[in-house]
Structures are given as structure tokens and as C-alpha cells.
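# Coordinates in review
These are the residues of each chain, in order.
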Amino acid sequence: MSYLPAGARGQTKDEAPRNKVNIKGNIALLTRVAITLQEMRWGFRLLGILDVQNTPCARDAILHGAGGSVTAGLLHFLVTSRVRRSFHVGFAGFMLTTLGSWFYCRFNNAKLRVQQRMIQDGIKNKIVYEGTAIDPTRKHGAQTPPGPS
């Protein structure tokens, strides 16, 4: 869509009002897109506290908890036919599965970060010590061959 005046595009004066309506429609569309982008930046907040989209492991933990809740509650209901207690068992299943999944994921992420930090330090040390007398990869008994280097 061109934003040139009606005469510059070879249009008649009758077509110009339609373009104004389209521009207003485009402004409304851009407003809706801006609101959507703003919502995406904030993410989805669970109970207004936990930003599920930007918190590591939160989404997976909530989904695992929902699955654990349905499984525990449904199995308890099929075995006992007690609705209220099945709800309580389902809620307990949600809490236990969510917390278990959360801590397991956070522990693995922390372990991965430690491993990455060790690898980065090793790469940095290799770059620093490479070719020196204290190079850990260099064999201590080997001499450099005589001649120009």
C-alpha cells in the first residue's frame, strides 16, 4: 500500500477516502499489535507472582504438575469413588509433582552452569598458557627441536 497522495498514484479523488479508512484501520491494527507485544514482554504471570514465560523451569514444572494432578486424582477416584478426597489427592499430586520437577530442573541447570564455567575457564587458561613453559598440555621431558622457530 502506497502512502502517496491520490493524484500522485494515478487515482481519482473518489478513491482517496477509502485510503483514509484503511489508514485508520491500520492504526487500529498497529495498536492491537503493540498491546500484544507488550503482553508478550510481560509474559504470563501465574497468580500475579511467578512469570512463567521468563522463569527457567517454571513452565515445565507447571505442566508436569498438571499432569501429576490429573493422574493422581483420577486414579484415586477410580479406586475409591470419593470425590472430595480425590480432589485433595489431585491437589497434593499437583504440589508434589510441580515442586519435584522444579527442583530437579533447577538442580540440573545449576550443574550445567558450573560445568560451562569450568569449560570456559579451561579454554581461557589454554589460551593464556599455550606455548609457555607452564603449559599443562606440554610434555615436560620433551624439548623443542633446534632451529628457527
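Bear in mind the structure is a predicted one, so any value in this text is a computation, not a measurement. (Residues numbered from 1 in each chain as written. Predicted model: local features only at pLDDT ≥ 70, side-chain atom pairs only at ≥ 80, totals over all residues. Heavy atoms only, no water.)

### Observations concerning the UniProt feature "transmembrane region" (unreviewed entry) in the chain
In the numbering adopted here, UniProt assigns the feature "transmembrane region" (unreviewed entry) to residues 86–104. As annotated, residues 86–104 comprises 100% helix and 0% strand, and the C-alpha atoms at either end are separated by 26 Å. (UniProt positions renumbered as here; feature names shortened; annotations may be inferred. Helix = DSSP H or I, 4+ residues; strand = E, 2+ residues; numbered from the N terminus.)

### Some words on the side chain of Ser86
Here Ser86 lies in helix 3 (residues 83–129). The exposure class assigned to Ser86 is buried, which follows from its relative accessible area of 6%. Residue contacts for Ser86: discarding those within four places in its chain leaves Gly73, His76, Phe77 and Thr80. (Buried < 20%, exposed > 50% of the residue type's maximum accessible area, 1.4 Å probe, protein only. Contact = heavy atoms within 4.5 Å.)

### So, the environment of Ser69
Checked against the element boundaries, Ser69 lands in helix 2 (residues 58–80). Considered as a pair, Ser69 and Gly90 are 21 residues apart in the sequence and their alpha carbons are 4.4 Å apart.

### Observations regarding helix 2
Relative to the 33 Å expected for 23 residues at 1.5 Å per residue, helix 2 spans 32 Å between its end C-alpha atoms, a close match to the ideal helical length. When helix 2 is considered as a whole, its buried residues turn out to be Ala58, Ala61, Gly65, Gly68, Gly73 and His76. Ser81 occupies a position one or two residues after helix 2 and carries a positive phi of about 60°. (Expected span 1.5 Å × (residues − 1).)

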